[in-house]
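Letter by letter, the chains look like this.
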Amino acid sequence: MTTVRVPAGWPATEQQARAVQDELRARVVHDEPGPPPGTGYVTGVDVAYDDERDVVAAAAVVLDAVSLDTVAEATAVGRVSFPYVPGLLAFREVPTVLAALEALPCPPGLVVCDGYGLAHPRRFGLASHLGVLTGLPTIGVAKNPFTFTYDEPAHPRGSSSPLLAGVEEVGRALRTRDGVKPVFVSVGHRVRLDTACAHVLRLTPDYRLPETTRRADALCRGALRETVGA
DNA sequence: GCGACAG
DNA sequence: ATCTTGTCGC
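Along each chain, residues carry numbers from 1 onward, in the same order as the chain's sequence is written. By the order in which they are written, chains take letters starting at A while ligands take numbers starting at 1. Under the rules for a predicted model, residues below a pLDDT of 70 receive no local features and side-chain atom pairs below 80 are neither given nor counted, while totals for whole chains, interfaces and linings still include all residues. To get the side-chain values, take all heavy atoms of the structure and skip hydrogens and water.

1. Describing the UniProt feature "site: Interaction with target DNA" (unreviewed entry) in chain A
Move 1: UniProt positions are given in the numbering used here, feature names are shortened, and annotations may be inferred rather than shown by experiment. Within this numbering scheme, the UniProt entry marks Tyr 84 as carrying the feature "site: Interaction with target DNA" (unreviewed entry).
Move 2: Considering the arrangement of structural elements, one finds Tyr 84 in the loop between strand E4 (70-79) and helix H2 (90-102).
Move 3: Using a 1.4 Å probe on the protein chains alone, a residue whose accessible area is under 20% of its type maximum counts as buried, one over 50% counts as exposed, and one in between counts as partly exposed. For Tyr 84, a relative accessible area of 52% translates into the label exposed.
Move 4: Throughout, a residue-residue contact means that at least one pair of heavy atoms, one from each residue, lies within 4.5 Å. Ignoring any residue separated from it by four or fewer positions in sequence, one finds Tyr 84 in contact with Leu 89 and Arg 92. Runs of E in the DSSP output that reach at least two residues are strands. Runs of H or I that reach at least four are helices, and both are numbered from the N terminus.

Written out as structure tokens, the structure reads:
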């Protein structure tokens, strides 16, 4: 497991962080379809915190897109690099997540993030940020609608409705289990929304949340415990 | 002006 | 995110 320090020049204030988002946003690519669902690799990333000790642990888990078998995994630990501020989540997670991705023995393919991409106050959420910094195709899958609105999708798995910022569709509320609260999908970098939703459905044969995030979540929690103790 | 607000 | 027992159900 690799260890990371807060990068030199990392934003120290909310104002600086917002300025970084406004600058990097111009580099997001939205006109590529993205990797075809059911091919290659799909990688989940997630982080766990110990705010008390100022520690963050990140995990990256690579799945075979067809079998959903885990083919590789990596972890990294670091210092918390930013406080939690809605809209600035990426500044808390990105350095350690990057380290975990770089520690993988193979290319990650599509990266599935825990949170949002385009669905963000300045249209540059965690998935967008990670995509621009790595050049990889990324999507965001969140458990909550954040500040956005949506109509309840129809009952069956696979149903969806637009996730709205006013009249703008910034993502999709996608039902991954019959009658269960939907997940909230938005594009990050180099993927279209339809492709993103198709990936999420393939990644949810058994549970509401994608296998990618479930496995990354379990792995980073374990890494945090090994670092910090019981 | 006062909350609400991904993780 | 995290704090947290038991419990209902497949």
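2. Some details on the packing of aromatic side chains
Move 1: Two aromatic rings, drawn from Phe, Tyr or Trp (for Trp, its six-membered ring), form a pair once their centres lie within 6.5 Å of each other, and the interplanar angle then sorts them: stacked below 30 degrees, edge-to-face above 60, tilted otherwise. Counted under the stated rule, the structure contains 6 aromatic pairs.
Move 2: With 5.7 Å between their ring centres and 45° between their planes, Phe 82 and Phe 91 make a pair best called tilted. Taken as a pair, Phe 82 and Phe 91 share a single burial class, namely buried.
Move 3: Among the aromatic residues, those joined into a ring-pair cluster are Trp 10, Phe 82 and Phe 91.
Move 4: The ring of Tyr 49 carries the charged tip of Arg 92 above its face, separated from the ring centre by 4.2 Å.
Move 5: Over the face of the ring belonging to Tyr 207 we find Arg 214, whose NZ or CZ atom lies 3.7 Å from the ring centre. Distance and angle both matter: a charge sits over a ring if NZ of Lys or CZ of Arg is within 6 Å of the ring centre and within 35 degrees of the ring normal.

3. Section: unusual backbone geometry
Move 1: With phi around 60°, Arg 123 is a residue other than glycine that occupies positive phi space.
Move 2: Topologically, Arg 123 is positioned in the loop between strand E5 (110-114) and helix H3 (126-134).
Move 3: Positive phi, close to 55°, is recorded for Phe 146, a residue that is not glycine.
Move 4: Examined against the element boundaries, Phe 146 turns out to sit in the loop between strand E6 (138-142) and strand E7 (160-165).

4. Some details on H3
Move 1: In terms of residue burial, H3 counts as a mostly covered element, since 7 of its 9 residues are buried.
Move 2: Listed as buried for H3 are Leu 126, Ala 127, Ser 128, His 129, Leu 130, Gly 131 and Val 132.
Move 3: In the core, the buried residues of H3 are packed alongside helix H1 (14-24), strand E2 (41-50), H2, E5, E6 and strand E9 (183-189).

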